[in-house]
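# Inside the fold
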Amino acid sequence: MSGSQQFARKYPALKPWDIEAIVSEFEKQDLDVNRAMPRRNCTDMIIKIEPQREYDEVREALKILGNREVAELDDILDVFTKLREGDKARGPSGPGVGNAARAFEGITSERAYERRTILKSEQNASSAHTINEDEREEFTNHINLALAGDSDIGYRLPINPHTMQLFDETRDGLVLSKLINYSTPDTIDERVLNRGRRLSPFQITENNNVAINSAKAIGCSVVNIGSQDLAEGREHLILGLVWQIIKIGLFANIDIKLHPELYRLLEDGETLEDFLKLPADAILLRWFNYHLAAAGWHRRVSNFSGDIKDSENYTVLLSQLVPAECSRAPLHERDLTERAEQMLQNADRIGCRRYVSPKTVVNGNPKLNLAFVAHLFNTHPCLAPLEETADRAELDEYLFDDRYDREARAFALWLNSLNVDPFVNYLFEDIKDGVVLLQAFDKIFPGSVNWKKVNTRRPLMRFKQIENTNMAVDLGQAQNFSLVGIQGADITDGVPTLVLSIVWQLMRANIVQTLASLSTHGQRVTDQDMVQWANRVAGSGRSQPIRSFSDPALATGHFLLDVLNGMKSGIVDPQLVTPGHTEDDMKLNAKYAISIARKLGATIFLLPEDIVEVKPKMILTFIGSLMAIHQG
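Notes on the structure follow. Nothing here was measured: the structure is a model prediction, and the numbers come from that model.

A few words now on the overall build of the chain. When helices and strands are counted, the chain shows 31 helices and four strands. By the burial criterion, 52% of the 632 residues in the chain qualify as buried. Restricting the contact set of the chain to residue pairs at least 6 apart, pairs at least 24 apart contribute 60%. Carbon and sulfur atoms form 49% of the exposed surface of the chain, whose accessible area is close to 29200 Å². Between the centroid of the 71 positive side chains of the chain and the centroid of its 87 negative side chains there is a distance of 4 Å.

Encoded structure:
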């Protein structure tokens, strides 16, 4: 019996001539030694054989491959069988159409159907998630623009924004890693990434580890996302992560250190300290309203949804920013969709037609409209420089005082990794009511917090906040923290040194507790235990043992790279390691070590500067995270 006859018996849903066409096209593919083709090429091949197929329809059928990155001929025939079964279930409408099903769901138009997708889990039929297709489309457009011409993934672009291709392209971690570096440059040392058109599952896991742990390091909340979720193309998780990365990039320049002229947005009686506590989206609203007031407009905005739906405020903002290019003519248009289109034509004249469409403006999509306003600020802030005044002197004093910035950033990121609520943006402000601190205590020392005695109904009056922070200090003392002279009021008042002290001791307790739980004897792990472990693992390297986490030899990065290579031989490419004679060389080594640690699955919050400057606390967190990975 011939091969075609065997296939015809095994796949009765397929006609003999269909099987011949499939086999013929399969043989033309880039097959490996096991006669399997790359998964990423399957969709194009299938659509080439049956051009009437839609990308998303084929993508759904390919899910029968599970997590495999290659497909054999039998797999492809299984996919075609599944597509045929789908055709039969849909009836005479043919492939790519599900009109009856859509009508049953109450969706009356093709356009309405295209704007949302309900995703059902292959593993759990009762589990479903919805993604917003306008957001998927605009986020995909952002990626196409941001990463165009990239030497490693340029050939994969542009990604079709009208299909689910985005979630296939992000499966191997490369697109996400590149996007992270676009939003926050130099976060990832791209030399650690596995590249190529045919990556193994292990290489994909390594890339996804880099992407996830780097996303944590720039402030993304990724508590429920693992490398496997990315590899499986979990749409709702990936879309949420992509938005966070894009938003962090958009917000990066909304910083008074980069734009001192933001000082002009302070309101009457407001202090610089109070202004600095505002999150970026609140500063954008303040900026929006500043220009509306300057334009003599009678309205103000308090959100990125209802207040911008009619495009009036947008029209006035644009005309105030660039009056030569943007008129107020759209205000005379009565149809909201047409008015939004005319407003966006104005935005296009100044190179800012991005993230929104007339539909998403009129519908008031908060994420996309926030992105649009952030883009306007980043390209046309239009705030006059400050003059030399007493106010400027106060601002300069703040701008040149960054003593606590790096530690505060790292500790905020660590608290967020515990999934505290609310998300910590500005450490000294966001923990002043004690609720986040108490959540951290309860996660590290389960059952330690009596929540019946905690004041949680926000906003809290000062005395209620101090009750909470006093409880946090008491809990710290019960765990033998060194809190001499610290009172709850110090935390509520945001005294930097004292806030950093209690949060650091919490973070250290978390590391020590994790290591104790992984050790065979379950005993408390000391700093010296960690030093000894690091020396033992790095023993086969070229660097000398260290005496403590303040050892000056750590500055070159060589010791940390030896630890990493001791954990996994060959993970460090010696040709990429610099001699470490200059500060730039040392920083390159430090950046390389951090990215390798994330590749191994470690959650790392320190910066290369922390290694070069030998910050003992931060280096302890680095070694502690590696030790946990090694023992886990």
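Bringing helix 15 (residues 280–294) into the picture now. The end-to-end C-alpha distance of helix 15 is 21 Å, a good match for the 21 Å that 15 residues give at a rise of 1.5 Å each. Residues of helix 15 that are buried sit in contact with helix 13 (235–251), helix 14 (272–276), helix 16 (312–321) and helix 19 (366–379).

This brings us to unusual backbone geometry. In this model, Leu157 is joined to Pro158 through a cis peptide bond whose omega is 0 degrees. As for its placement among the helices and strands, Pro158 is situated in the loop between helix 8 (133–147) and helix 9 (165–169). Residue Pro422 is reached from Asp421 by a cis peptide bond, and omega for that bond is 10 degrees. Secondary-structure assignment places Pro422 in the loop between helix 21 (405–417) and helix 22 (427–430). With phi around 75 degrees, Tyr355 is a residue other than glycine that occupies positive phi space. Inspection of the secondary structure assignment puts Tyr355 in the loop between helix 17 (336–349) and helix 18 (358–362). Of the residues examined, Tyr355 reaches a relative accessible area of 4% and is grouped as buried. Notably, Asn419 is not glycine yet its phi reads approximately 65 degrees, a positive angle. One can find Asn419 in the loop between helix 21 and helix 22.

With that out of the way, let us pick up the environment of Arg409. Tracing the backbone shows Arg409 in helix 21. Considering only alpha carbons, one finds Arg409 and Thr271, 138 residues apart in sequence, at a separation of 22 Å. Not counting residues up to four positions away in its chain, the partners in contact with Arg409 are Ala217, Phe605 and Leu607.

Next up on the list: the packing of helix 16 against helix 17. Two numbers describe how helix 16 lies on helix 17: the axes approach to 10 Å, and their chain directions differ by 20 degrees. Considered as vectors, helix 16 and helix 17 are oriented roughly parallel to each other. For the pair helix 16 and helix 17, the sense of crossing is left-handed. Contacts between helix 16 and helix 17 involve Glu312, Tyr314, Thr315 and Leu318 from the first element and Arg339, Met343, Asn346 and Ala347 from the second. Across the contact of helix 16 with helix 17, the residue classes break down as four nonpolar, two polar and two charged.

Remark: helix 15 packs on helix 19, axes separated minimally by 10 Å, with the N-to-C direction vectors making an angle of 65 degrees. On the basis of the axis angle, helix 15 is roughly perpendicular to helix 19. With respect to the hand of their crossing, helix 15 and helix 19 are arranged in left-handed fashion. For the pair helix 15 and helix 19, the contacting residues are Asp281, Leu284, Trp287 and Phe288 in the first and Leu370, Val373, Ala374, Leu376 and Phe377 in the second.

Moving on, we come to the nonpolar core. Formed by 172 residues in total, the largest nonpolar core has its most connected members in Leu415, Leu427, Leu564 and Phe622. Here this core takes 11 residues from helix 26 (residues 496–518), the largest share from any one element. Core analysis: the next-biggest nonpolar cluster, separate from the first, contains 22 residues, Phe26, Ile46, Ala71 and Phe80 among them.

A separate point is the side chain of Asp310. Tracing the sequence through the fold places Asp310 in the loop between helix 15 and helix 16. Looking at Asp310, the relative accessible area reads 18%, which means it is buried. The contacts of Asp310, once residues within four sequence positions are left out, are Arg299, Leu336 and Arg339.

Cut-offs and rules
Residues numbered from 1 in each chain as written. Predicted model: local features only at pLDDT ≥ 70, side-chain atom pairs only at ≥ 80, totals over all residues. Heavy atoms only, no water. Helix = DSSP H or I, 4+ residues; strand = E, 2+ residues; numbered from the N terminus. Buried < 20%, exposed > 50% of the residue type's maximum accessible area, 1.4 Å probe, protein only. Contact = heavy atoms within 4.5 Å. Areas by Shrake-Rupley, 256 points an atom, 1.4 Å probe, with all protein chains shown as cover. Lys, Arg positive; Asp, Glu negative; His and termini not counted. Charge placed at Lys NZ, Arg CZ, Asp CG, Glu CD. Expected span 1.5 Å × (residues − 1). Axes fitted to C-alpha atoms, helices over the stretch in contact; angles between N-to-C directions. Parallel < 35°, antiparallel > 145°, perpendicular 65-115°, else oblique. Left-handed = near helix turned anticlockwise from the far one by under 90°. Nonpolar A, V, L, I, M, F, W, Y, C, P; charged D, E, K, R; others polar. Core = buried A, V, L, I, M, F, W, Y, C linked by side-chain atoms within 4.5 Å.

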